[in-house]
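# Residue-level structural notes
Each chain, letter by letter, is given below.
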Amino acid sequence: MERAIFFIDARNIMGGCREHQRNNPNYAFGYKEIVDYLKQDYHVIRGYYYDGAPHQSQRTAGKAQFFDFLRKQGITLRLKEIDFTQAHPSQKGVDIFLTTDMISLAYEDAYDTAILLSGDGDYVALVELVKSKGKRVIVLSFQNCIARSLREVADNVVYFENTPALNRQTQIGRAHV
């Protein structure tokens, strides 16, 4: 079984999920289902979840519970603190965080297959570099939010809405959208 590590670009995936739910209000996204699905075909080494987040002292109980749930699924949180001192608070550096991890782990030969949960075309150069190291790259995304360039460079693309095993949902695993 191939060794795999998955990398979740939370903002991109949740944006795609919200868009998909506009036309499919009963659709629910679940992280536990993702882990279970990937374990069917891969020896999952680890998963990483990338997002911006308020400082720990400013997090809601619901967000803290959600983060605890992710940790229990074997997902490592890679959070960049959101700067609320700006007029329009936003996350910065999350894509670079994911990119750095995927590249360094490829060079360390920590995985055979990288599984990228994102549809962001900004990752095309990353996918090409990781593939040049002899790694496979699978993309999981929503059809409505995947860049054509990313779809073309990936070794395989799996769409959440077309994969029934990814559509089941437990309440705690329900994404915060």
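What you see is a predicted model; the values in this text were computed from it and never measured.

Moving on: the overall build of the chain. Across its full length, the chain carries 6 helices and 6 strands. Listing every helix and strand of the chain by position from the N terminus yields β-α-α-β-α-β-α-β-α-β-α-β. Residues counted as buried form 49% of the 177 residues belonging to the chain. When the accessible surface of the chain is totalled, it reaches about 8,900 Å², and 46% of it is carbon and sulfur.

Further remarks concern the nonpolar core. Inside soluble globular proteins, nonpolar side chains tend to come together where they are buried. Among the nonpolar cores identified, the biggest contains 34 residues, and Phe29, Tyr31, Tyr49 and Phe160 are the most heavily contacted of them. Counting only elements with at least two residues in this core, the list comes to strand S1 (3-9), helix H1 (10-23), helix H2 (31-41), strand S2 (43-53), helix H3 (61-72), strand S3 (75-81), strand S4 (113-117) and strand S5 (136-141). Residues Ile5, Leu105, Leu150 and Ala154 belong to the second largest nonpolar core, which totals 26 residues.

Another point: the packing of helix H4 (residues 94-107) against helix H5 (residues 124-132). Think of two packed helices as two axes; the pair is described by the angle between the axes and how far apart they sit. Running from N to C, H4 and H5 cross one another at 5°; their axes reach a closest spacing of 10 Å. As judged from the angle between their axes, H4 and H5 are roughly parallel. Here Leu98, Thr99, Met102, Ile103, Ala106 and Tyr107 of H4 come into contact with H5, specifically with Leu126, Leu129 and Val130. Tallied by class, residues from the contact of H4 with H5 come to 8 nonpolar, 1 polar and no charged.

With respect to the element layout, Ala110 can be found in the loop between H4 and S4. Look past the residues within four positions of Ala110 in its chain and what remains in contact with it is Arg3, Ile5, Ile45 and Leu105.

A few words on unusual backbone geometry. Even without a glycine there, the phi angle at Asp109 is positive, about 55°. Along the chain, Asp109 falls in the loop between H4 and S4. For Asp109, a relative accessible area of 43% translates into the label partly exposed.

Of all 5 residues making up S4, 5 are buried, and the element is well covered by its neighbours. Side-chain alternation along S4 places Thr113, Ile115 and Leu117 on one buried face and Ala114 and Leu116 on a second face that is also buried. For S1 and S4, the ladder comprises 5 bridges, and the chain directions are parallel. Directly across from Ile5, in S4, lies its bridge partner Ala114. Taken together, the 5 bridges between S4 and S5 define a ladder with parallel strand orientation. Within the sheet, the bridge partner assigned to Leu117 lies in S5 and is Leu140.

Take H1 next. With 14 residues, H1 should reach 20 Å at 1.5 Å per residue; the first-to-last C-alpha distance of 21 Å fits that figure. Buried-residue contacts for H1 involve S1, H2, S2, S4 and S5.

What counts as what
- Residues numbered from 1 in each chain as written.
- Predicted model: local features only at pLDDT ≥ 70, side-chain atom pairs only at ≥ 80, totals over all residues.
- Heavy atoms only, no water.
- Helix = DSSP H or I, 4+ residues; strand = E, 2+ residues; numbered from the N terminus.
- Buried < 20%, exposed > 50% of the residue type's maximum accessible area, 1.4 Å probe, protein only.
- Areas by Shrake-Rupley, 256 points an atom, 1.4 Å probe, with all protein chains shown as cover.
- Core = buried A, V, L, I, M, F, W, Y, C linked by side-chain atoms within 4.5 Å.
- Axes fitted to C-alpha atoms, helices over the stretch in contact; angles between N-to-C directions.
- Parallel < 35°, antiparallel > 145°, perpendicular 65-115°, else oblique.
- Contact = heavy atoms within 4.5 Å.
- Nonpolar A, V, L, I, M, F, W, Y, C, P; charged D, E, K, R; others polar.
- Pairing = 2+ DSSP bridges.
- Expected span 1.5 Å × (residues − 1).

Read these as geometric descriptors, not functional statements.
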